[in-house]
Amino acid sequence: MAGGLGRDLEEITGAGSVLVNPADLYAYRSDATYDYATGKPDAVVLPQSTEQVAAILRYASARGIFVTPRGAGSGLSGGCTPIFGGIVVDLKRMNRILGVNPGNMTATVEAGVVLDKFKAAIGPMGLFYPPDPQSASVCTIGGNVATRAGGPRGVKYGTTPHYVLGLTAVLADGTIIRPGSLCVKQSVGYDITHLFAGSEGTLGIITQVHLRLLPKPKASATAVVTCNSAEQAASVVSAIISAGTVPAMLEFLTAMAVMVMNSIISPPLAGDGQAYLLMEIDGSPEQVAADLKNLSALCKDMGVMDVRVIEDQKEAASYWKARASLYPFILTMAKKMVIEDVTVPRNQLPEFVKRLGELSARLGILIGLGGHAGDGNMHPSLLFSEVNEQTREKAEQAVEQIVRMGLALGGTISGEHGIGLHKSAFVEWELGREQIALMKRIKAAFDPDGIMNPGKIWPYEAGREGQEA
Amino acid sequence: MSDIAVYKEQMEKCSHCAFCQAFCPVFEAELLETFMPRARMEIARACLLENTLERSARVAEVIDRCLLCGRCSKSCPGGVPVEAITAAARSALYPHGKGGPLRRHMLRHFCQNRGLLGLHRQAANLASRRGWSPLPQVGEKLFAELYAGNWPSKNGTPRARAVYFAGCAANSLYTDTADATLKVLTRNGIEVNVIKEMVCCGMPAYAAGDRELLLECIRKNVESLANADADVILTECSTCGMFLKQKAPLLLPPDDPLAQKAKELAPKIFEVTDYLSQVGLIAAPGRLEARVTYHIPCHSAWTPTFDDAPNKLLAQIPGVEMVQMAEPNACCGAGGSFFADFADTAEKILQKKMADMKNTKAEICVTQCPACRTYIQSAADAPETLHPIRLLAKSYE
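Residues numbered from 1 in each chain as written. Chains lettered and ligands numbered in written order. Predicted model: local features only at pLDDT ≥ 70, side-chain atom pairs only at ≥ 80, totals over all residues. Heavy atoms only, no water.

This brings us to the overall build of chain B. Helix and strand counts for chain B stand at 21 helices and nine strands. For 397 residues, the compact-globule estimate of 2.2 N^0.38 gives 21 Å, and the C-alpha radius of gyration of chain B, at 20 Å, lies within 12% of that figure. Along the longest, intermediate and shortest principal axes, the C-alpha atoms of chain B span 65 × 50 × 45 Å. In chain B, of all internal contacts separated by at least 6 residues, the share reaching a separation of at least 24 is 75%. Surface accessibility of chain B: about 15,500 Å² in total, with carbon and sulfur atoms responsible for 53%. Where the 45 positive side-chain charges of chain B centre and where its 43 negative ones centre are 2 Å apart. (Helix = DSSP H or I, 4+ residues; strand = E, 2+ residues; numbered from the N terminus. Rg over C-alpha atoms; globule rule 2.2 N^0.38 Å. Contact = heavy atoms within 4.5 Å. Areas by Shrake-Rupley, 256 points an atom, 1.4 Å probe, with all protein chains shown as cover. Lys, Arg positive; Asp, Glu negative; His and termini not counted. Charge placed at Lys NZ, Arg CZ, Asp CG, Glu CD.)

Here it is in structure tokens:
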């Protein structure tokens, strides 16, 4: 192992858990947003216990070395990219499910447990963990907590933080803390547990999580609603929400999104709609039947083109699988895509969709919509057939305008991806200076030397946040 | 596996979504992003195309520590042919093929003969006797030499005229499989032509980055098969079939006079149990008591029916109970010669497979890939492992 850093880290984790070769470091530059792969780490370390993480952080803080925690590297904000070098702490080898407690409907997992593997483990026990970021096949629960990850089920079940009861975390100086507990109600002082939710690795490293579980719904059904315009689909979503019948998932898809998804949807969806709503309803068999009836009637009353309940389970599954792959799918038809995460109150969806259409025409950019409409999280995606300076500039312009548009409608700049680097320039627009100043004071209490994931959430300020890069 | 630069545009289709992590057996075993398909491709691009990453032993290892199982390509939502890019990276890395002159010579000899002959055979047998290799003893003659020629239907007017292409393993190491294939086909009214002149499918050369040898193999075989003018081309080897059917037409340069022929042959190529389960058996299998599980090899799915064919076929043997293991299509770690080159990773992949297999309590494991067969059989308390066609042949005894 070349260099002192690698050797020192090996003393903590043992050989085979530290990478310093340039080829390895190259592999850890990016997450799913390739644009932010501008730096690379000086070392990658793969701890296997909270104690090892603590030792790594003690080592790093004593020397002022930057530390960037990492789960699957599937994030969409550049949050885990080591732009200023330092140590990447990869938690994928902390992947044990430590306990599942059906009597209390809770589980305790290590941060590196892959979400789908966790679901596969608890499913046969009749247990259900709703958060469903579309990268569930690879993303880690620690990463989900750190970014407040959501997914289509957000509309009925909320997102990751709603299921986090407590955690084990290591502060920048190596102190191990265990905020929260396995209790489903807690009222003891500040809620440190949820301060870590969405902290994006800037406060410390989450190593274990206590999760709350639900009983698995007994029945579910999938339906597709064909709409004659994007505005109509948005109005239907708003009407469904105000009617009080909440689907488990309520997705908005443009005709273009359906076209690319049709390579997986089997048999393909043949329709002449301009937009589609894809929904799942779950609950008891009676509840599902009643909800389906109500929702179909509501949609028809609003003049939609068609409502189809997909009876065949395999066919229904193909829709959801296609939906999960929509984001990488889009790249089969565009050279570059910037995926947006602005979220608006549901009653503002029709206006948001209308304004997006106007923006698309004004800037001459193709904007694909395939969002979790039920929770107002529309994921407009900017599509480019060429990658050059001009399209880059246009993308920046468009992102800025979409963010302003969302905020003007009472929205938020990120529903589930987090801020990372992608949105750090806009954070102040939403939070204001006072809140950011407060956040910085909080960070200083957790990470006085500013070594934890520098440059994320708000732009890096040398000297005010630890050492120079 | 043409020049890696050919893939430049397809590499740009990678959205970096990381979904390939869920499908790569090497990543799953090591949990290092260095070995995930996204990174492997990025490293290959940076080093071999853009010259932004220095060539090193580690870069070569990253490109080599890949089973070429193809799961990344099949599962990539953006349709990036990651596996083909990895193979192209090997050709760029090893312009004359991987390894020193001795390894290259042995590979060439093996491919040209479709098996082990002479000194190579003696060396393999010595290694086998000493317990250095998991392979069985190799007979003096190759199957294609012993059985070259035309074998008429033993069950009435021929239903089809087939060329039987025995893969290198069946032709040399596991001749029991080739014997069984010939026997089952003729018993089921298929006329079989065994062509002595055919050579290795080319996969080992593809895996070694030896473009020259691989094209030689493909050209020779396409020529032989085109001349044979059969109704169908059958092989017992999942990899040979995949290679002849799917890779050969893509790997021959478009202006190659044989490229069109390779395309025309492709729809005629089937794995033997897949073919039989489609056309149906006309000779009724006899009774055979066995609890059997099917390991689906990586190079499957070259037809939509492939993955289920052995289950459907063997379930027709009275007394045979087919039991499915969890994740029957999970890799076993063999990957051609991967298990010899990267024993540490392969062993981790194998352990998971064997745990799943053990849960079925099966006495027999069937699989169409000879590398899987060898590697699974080498595991402690492995069930008897053989090609599904062997079991069917046994039921006719």
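That covers the picture; the talk isn't over yet.
Further remarks concern the overall build of chain A. In terms of regular secondary structure, chain A is built from 15 helices and 18 strands. Taking 469 residues into account, the globule formula puts the C-alpha radius of gyration at 23 Å, and chain A, at 22 Å, falls close to it. Counting all 469 residues of chain A, 60% fall into the buried class. Across chain A, every contact between residues at least 6 apart in sequence was considered, and the portion connecting residues at least 24 apart equals 72%. When the accessible surface of chain A is totalled, it reaches about 18,200 Å², and 52% of it is carbon and sulfur. Each charge class in chain A can be summarised by its mean position, and for the 41 positive and 46 negative side chains these summaries are 2 Å apart. (Buried < 20%, exposed > 50% of the residue type's maximum accessible area, 1.4 Å probe, protein only.)

Glancing now at the sheet that holds strand β7 (residues 320–322) of chain B. Residues and elements named next belong to chain B. Pairing is parallel across the open sheet formed by four strands, whose spatial order is β7-β6-β8-β9. A single partner strand is all that each edge strand has here, and the edge strands are β7 and β9 (384–386). Between one strand axis and the next, the sheet turns through 30° on average, direction left out of account. Pairing analysis gives three bridges linking strand β6 (residues 290–294) to β7, with the strands arranged parallel. The residue bridging Ala290 from the neighbouring strand is Val320, located in β7. Strands in contact with helix α20 (residues 370–378) are β8 (364–366) and β9; relative to β9, the strand with the most contacts, it is inclined by about 175°. (Pairing = 2+ DSSP bridges. Axes fitted to C-alpha atoms, helices over the stretch in contact; angles between N-to-C directions.)

It is worth spelling out the interface of chain B and chain A at this point. Interfaces are often described in size by the accessible area the parts lose on coming together. Contact residues are listed per partner, giving 30 residues for chain B and 38 residues for chain A. Contact between chain B and chain A buries roughly 2,600 Å² in total, counting both sides, with carbon and sulfur atoms accounting for 57%. Its largest share of buried area at the contact with chain A, chain B owes to Phe19, Leu31 and Glu33 of chain B, together 22% of the area lost on that side. In this assembly, chain B and chain A are joined by four salt bridges. Between Lys117 of chain A and Glu28 of chain B there is a salt bridge, and its shortest N-O distance comes to 2.2 Å. If you list the elements that add at least two residues to the side of chain B that touches chain A, you get α2 (25–30), α3 (37–49) and α4 (57–64) of chain B. Top contributing element to the side of chain B that touches chain A by residue count: α3 of chain B, with six residues. Here the side of chain B that touches chain A is composed, by residue class, of 14 nonpolar, seven polar and nine charged. (Buried area = accessible area lost by both parts, 1.4 Å probe. Salt bridge = Lys/Arg side-chain N within 4 Å of Asp/Glu carboxyl O. Nonpolar A, V, L, I, M, F, W, Y, C, P; charged D, E, K, R; others polar.)

Residues and elements named next belong to chain A. With respect to the helices, strands and loops of the structure, Thr245 is situated in the loop between α8 (230–243) and β13 (249–254). Residue classification places Thr245 among the buried positions, given a relative accessible area of 12%. In contact with Thr245, other than residues within four places in its own chain, are Ile240, Asp291 and Leu295.

All names here are of chain B. Mapped onto the elements of the fold, Gly115 is located in the loop between α7 (101–113) and α8 (118–129). Assessed through its relative accessible area of 0%, Gly115 is described here as buried. Remark: the alpha-carbon pair of Gly115 and Val199, spanning 84 residues in sequence, is separated by 8.9 Å. Not counting residues up to four positions away in its chain, the partners in contact with Gly115 are His109, Phe110, Leu142, Cys168 and Ser172.

The geometry of an aromatic ring pair comes down to the distance between the two centres and the angle between the two planes. All names here are of chain B. All told, the structure shown has 16 aromatic pairs over all chains when counted by the stated rule. Look at Trp302 and Phe306: their rings are 5.3 Å apart centre to centre, the planes differ by 45°, and that puts the pair in the tilted class. One exposure class covers both Trp302 and Phe306, and it is buried. If you follow Lys245 out to its NZ or CZ, it ends over the ring of Phe270, 4.6 Å from the centre. The residue whose ring lies beneath Arg373 is Tyr174, and the NZ or CZ to ring-centre distance is 3.8 Å. (Phe/Tyr/Trp six-rings, centres within 6.5 Å; stacked < 30°, edge-to-face > 60°. Lys NZ or Arg CZ within 6 Å of the ring centre and 35° of its normal.)

Here the residue pair Ser266 of chain A and Pro267 of chain A is connected by a cis peptide bond, since its omega of -5° sits within 30 degrees of zero. Residues other than glycine seldom take positive phi values, yet Glu200 of chain A does so here, at roughly 55°. Residue placement: Glu200 of chain A occurs in the loop between α7 (192–196) and β10 (204–212). The class of Glu200 of chain A is buried, set by a relative accessible area of 7%. Phi angles above zero are rare outside glycine, and Leu31 of chain B is one such case at about 55°. In this structure, Leu31 of chain B sits in the loop between α2 and α3. Judged by its relative accessible area of 16%, Leu31 of chain B falls in the buried class.

What follows deals with the sheet that holds strand β9 (residues 176–177) of chain A. Residue and element names in this part refer to chain A. If you walk across this open sheet you meet the five strands as β5-β6-β10-β8-β9, and the pairing is antiparallel. The open sheet is flanked by β5 (97–101) and β9, the only strands paired with a single partner. Sitting on the sheet, helix α4 (residues 115–122) touches β5, β6 (106–110) and β10, and the angle it makes with β5 is about 40°.

All names here are of chain B. You can see Val138 is positioned in the loop between α8 and α9 (143–146). Sequence spacing of Val138 and Leu107 is 31 residues, and the spatial spacing of their C-alpha atoms is 17 Å. For Val138, the residues in contact, after removing those within four places along its chain, are Leu116, Arg121, Asn125, Ser172 and Leu173.

A word on helix α10 (residues 285–301) of chain A. Residue and element names in this part refer to chain A. End to end, α10 covers 24 Å across 17 residues, agreeing with the expected 24 Å (1.5 Å per residue, within 8%). Val288, Asp291, Leu292, Leu295, Ser296, Leu298 and Cys299 are the residues of α10 that are buried. Angularly, the buried residues of α10 cover 165° about the axis, an arc narrow enough to put them on a single face. Turned more than 90 degrees away from the buried face of α10, the exposed residues are Glu286, Lys293, Lys300 and Asp301. If you follow the buried residues of α10, they end up packed against β12 (219–227), α8, β14 (275–283) and β15 (306–310). One or two steps after α10, the chain reaches Gly303, where phi turns positive at roughly 80°. (Expected span 1.5 Å × (residues − 1). Arc of directions from axis to C-beta.)

Residues and elements named next belong to chain B. On inspection of all chains with the given rule, the structure shows 44 salt bridges over all chains. With its nearest N and O atoms 2.8 Å apart, the salt bridge here joins Lys348 to Glu30. Taken together, the residues Lys348 in helix α19 (residues 343–360) and Glu30 in helix α2 connect sequence positions 318 residues apart. The class for Glu30 is buried, based on a relative accessible area of 9%. Measuring nitrogen to oxygen at the nearest pair gives 2.9 Å for the salt bridge that ties Arg65 to Glu61.

Attention now goes to the packing of helix α13 (residues 211–228) of chain B against helix α14 (residues 238–251) of chain B. Geometry of a packed helix pair, given as the angle between the helix axes and the separation of the axes. Residues and elements named next belong to chain B. Where α13 contacts α14, the axes come no closer than 11 Å and their chain directions differ by 115°. Of the two elements, α13 crosses α14, and the hand of that crossing is left-handed. On the side of α13, the interface is formed by Arg211, Leu214, Leu215, Ile218 and Asn221, while α14 contributes Phe243, Leu244, Ala248 and Leu251. Among the residues forming the contact of α13 with α14, the class breakdown is seven nonpolar, one polar and one charged. (Left-handed = near helix turned anticlockwise from the far one by under 90°.)

We now examine the nonpolar core. Of all hydrophobic cores here, the largest spans 146 residues; its most connected members are Tyr206, Leu276 and Leu392 of chain B. Top contributing element to this core by residue count: α13 of chain B, with eight residues. In this view, Leu392 of chain B contacts Val184, Leu276, Leu281, Pro285, Leu313, Leu314 and Ile317 of chain B; residues no more than four positions away in its chain are not counted. Listed in part, the 60 residues of the second largest apolar core include Leu213, Tyr319, Trp320 and Phe446 of chain A. (Core = buried A, V, L, I, M, F, W, Y, C linked by side-chain atoms within 4.5 Å.)

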